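A look at the structure
So the chains spell out like this:
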Amino acid sequence: MCPLVNISYCPPTEEDITEGKSLVVVAYNPLGWNRTEIIRIPVNDANLVVQDSMGIAIEAQYVELDNFTSNLRNLYIKAYLGITPNQVPKYWLFFQVSVPPLGWNTYFISKVSGKDNRRSGYISVVDLPQNETIEIGPGSLKMSLSLTSGQLKRMFNSKTGVDIPVQQSYLYYGSSSGDMDSKSSGAYIFRPNGSPPVIVSRSVPLKVIRGPLVDEVHQQFDSWIYQVIRLYKEKEHAEVEFTIGPIPTEDGVGKEVITRMTANMATDKVFYTDSNGRDFLKRVRDYRADWSLSVTQPVAGNYYPLNLGIFTMDRKSEFSVLVDCATGGASIEDGEIELMLHRRMIFDDSRGVVGALDETVCFESTCEGLTVRGNYYMSIHQLGAGSRWRRTIGQEVYSPLLLAFTHEKMEDWTAAHSMKATAMDPSYTLPLNVALITLQELDDGSVLLRLAHLYEAGEDAEYSTLAKVELQKIFAEKRIKEVKEMSLSANQDKSEMKRMTWKVEGDSGGEPGVIRGGPFNNSTFVVELGPMEIRTFLLKF
């Protein structure tokens with residue numbers, strides 16, 4: 001496996017594929033439903049053919065590795081692994097994989113001999129735009145960018161008809177030094193210095209790369225901010241890969257770097273953020289439902305933690321952003337969404353971390369500020385239609401495909417291994433409103449299983465309903481002998497739990513009851529889940 005593949009370091013894929021052998025790629029899907037995605041791996045040869053588990057050649061696309069990634073790779077491999085690779089891979093190889101639930105599929109990448117015309121790869125074309133407006137997107141989602149400014153202008157979905165002017169850029173808040181009230185920005189406190197955020201660049205050089213599977217736009221906002229927007233075939237969202245750092249602090253000012261997306265939408269101060277990746281909570285700028293808020297921090301006071309994402313809406317459309325790791329987000333003005341992506345401080349906030357939040361990376365005798373690379377995902381939908389994308393893609397972001405690699409003769413690997421399989425009944429998948437969030441074998445041989453309903457009540461007409469899961473079809477190759485429902489933390493039998501009854505001030509009892517799944521059926525092994533319900537079980541086989 002390759003934990004540093006995001007910076008293009010993956011020794012088994014970079015290795016030369018010898019005559020008669022193939023690079024074997026096994027993709028494992030930890031989710032409970034089928035998924036089809038486009039993956040990318042670094043390679044050194046564009047004369048390759050990609051075959052699926054049936055030996056059928058599939059479409060592939062090559063994109064040349066950019067210099068920013070090459071430099072980042074060289075630095076961090078030296079810093080983390082203490083080695084200097086002999087060469088940098090020349091290309092990213094993109095191809096589509098389809099993987100069954102809780103299962104795997106196998107793909108083979110081979111070098112094409114001189115007489116073989118099977119090469120399935122397409123070498124991407126660098127577009128040289130002639131018009132002021134550049135449009136990208138091989139699928140139904142399109143994005144328009146300005147050739148003059150190099151920045152995003154518009155998002156349009158030809159399938160749904162949603163068309164929203166959207167701008168996106170990078171800015172930073174100057175960090176408070178604590179001179180005014182002895183509270184500086186730091187590891188625990190986000191406290192801007194009161195000045196408006198500084199726009200990193202108003203004019204951005206860009207490079208457009210097109211292909212049958214993915215279109216890319218490369219934008220360099222500064223020497224320390226690089227961005228790649230990817231629009232994939234058959235996907236209705238934009239993937240934005242950002243690389244930020246080292247943040248310059250030579251001017252003596254700490255910086256809190258954000259990306260801001262501004263949509264032409266009348267959102268009336270309202271936006272929504274997730275709570276621990278589960279339900280989305282309504283947020284109203286400069287307002288608290290439980291008390292009268294005195295606004296002293298108009299920026300930091302409107303920031304909320306994000307684990308899954310953030311979205312806003314008007315009377316016609318929804319604009320959603322999902323994140324790949326925990327961060328902070330806000331909507332400081334109507335139609336705006338901003339994410340905090342990186343921070344570097346000068347002063348200590350004196351809340352427990354000794355010293356300023358000034359992370360550095362060192363190799364040999366040189367140290368520099370930390371560089372971060374991550375992704376966020378943007379999509380537009382008709383009003384009320386965005387929840388399915390947020391819930392489904394949110395699970396795919398949280399539980400990505402796991403890739404494993406080796407080199408072997410295709411016929412030898414095929415003879416000794418199962419090419420494609422699932423742990424579940426091949427005819428069964430989990431309902432699209434249910435996620436398997438824990439599957440763990442314990443020391444005594446029993447299995448801990450947690451199932452979660454992904455939707456809130458009223459969130460979606462089809463999926464905010466009672467869901468049923470057949471446990472025996474999840475464990476198709478085993479015979480279930482005993483199932484015991486437990487508390488959420490699995491340290492108490494649910495039947496022994498004693499719930500407290502609380503009297504709530506102002507509660508008249510008139511609100512509708514919460515929908516919950518019925519008692520577990522020990523004869524059919526069927527579990528019911530109501531909206532947002534999580535149920536925990538211990539299974540013995």
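Residues numbered from 1 in each chain as written. Predicted model: local features only at pLDDT ≥ 70, side-chain atom pairs only at ≥ 80, totals over all residues. Heavy atoms only, no water.

To continue, consider the overall build of the protein. On a plain count of helices and strands, the protein comes out with five helices and 37 strands. Relative to the compact-globule value of 24 Å for 541 residues, the protein shows a C-alpha radius of gyration of 25 Å, a close match. Taken along its principal axes, the extent of the C-alpha atoms in the protein is 80 × 65 × 50 Å. Buried residues in the protein amount to 52% of all 541 residues. Sequence-distant contacts in the protein: of pairs separated by 6 or more residues, those separated by 24 or more amount to 71%. Of the accessible surface of the protein, which amounts to about 26,100 Å², a share of 50% is contributed by carbon and sulfur atoms. Each charge class in the protein can be summarised by its mean position, and for the 55 positive and 68 negative side chains these summaries are 3 Å apart. (Helix = DSSP H or I, 4+ residues; strand = E, 2+ residues; numbered from the N terminus. Rg over C-alpha atoms; globule rule 2.2 N^0.38 Å. Buried < 20%, exposed > 50% of the residue type's maximum accessible area, 1.4 Å probe, protein only. Contact = heavy atoms within 4.5 Å. Areas by Shrake-Rupley, 256 points an atom, 1.4 Å probe, with all protein chains shown as cover. Lys, Arg positive; Asp, Glu negative; His and termini not counted. Charge placed at Lys NZ, Arg CZ, Asp CG, Glu CD.)

A word on the sheet that holds strand β37 (residues 534–540). Taken in spatial order, the four strands line up as β32-β33-β37-β35 in an open sheet, and their pairing is antiparallel. The sheet is open, and its two edges are formed by β32 (434–441) and β35 (482–486), each paired on a single side. For this sheet, the mean angle separating the axes of adjacent strands, direction not counted, is 25 degrees. By the bridge criterion, seven bridges tie β32 to strand β33 (residues 447–453) in an arrangement that is antiparallel. Counted as the bridge partner of Leu436 is Leu451 from β33. (Pairing = 2+ DSSP bridges. Axes fitted to C-alpha atoms, helices over the stretch in contact; angles between N-to-C directions.)

Here we take up the layout of surface pockets. Looking at the largest pocket, its volume works out to about 1,100 Å³. Taken together, 34 residues make up the lining of the largest pocket; nearest its centre are Glu239, Asn375, Tyr377, Pro400 and Leu401. Those elements giving two or more residues to the lining of the largest pocket turn out to be β2 (35–43), β6 (91–99), β17 (225–232), β18 (238–244), β29 (372–382), α3 (387–398) and β30 (402–408). Sorting elements by how many residues they give to the lining of the largest pocket places β2 first, with six residues. (1 Å grid on protein atoms, 1.4 Å probe; cavity = no way out; pocket = protein on both sides within 12 Å on 5 of 7 lines; lining within 4 Å. Points joined across faces, edges and corners; volume = space filled by probe spheres on them.)

Turning next to empty space enclosed by the protein. Applying the stated criterion across every chain yields a total of one cavity of 30 Å³ or more. Of the voids in this model, the largest cavity is the one considered here, and its volume is about 40 Å³. Ile247, His342, Arg343, Arg344, Leu357, Asp358, Glu359 and Leu370 are the residues that line the largest cavity.

Positionally, Gly150 belongs in the loop between β11 (141–146) and β12 (152–157). For Gly150 and Pro205, which are 55 residues apart along the polypeptide, the C-alpha to C-alpha distance reads 5.7 Å. Excluding its chain neighbours within four sequence positions, the residues that come into contact with Gly150 are Leu145, Val204, Leu206 and Gln219.

For the rest of this paragraph, the subject is the pattern of salt bridges. As enumerated under the stated definition, the model contains 29 salt bridges in all. As a salt-bridge pair, Arg373 and Glu241 come within 3.9 Å of each other at their nearest N and O atoms. Here Arg373, found in strand β29, pairs with Glu241, found in strand β18; they are 132 residues apart in sequence, far enough to count as distant. Of the two residues examined, Arg373 and Glu241, each falls in the buried class. In this structure, the salt-bridge partner of Glu528 is Lys468, at a minimum N-O distance of 4.0 Å. (Salt bridge = Lys/Arg side-chain N within 4 Å of Asp/Glu carboxyl O.)

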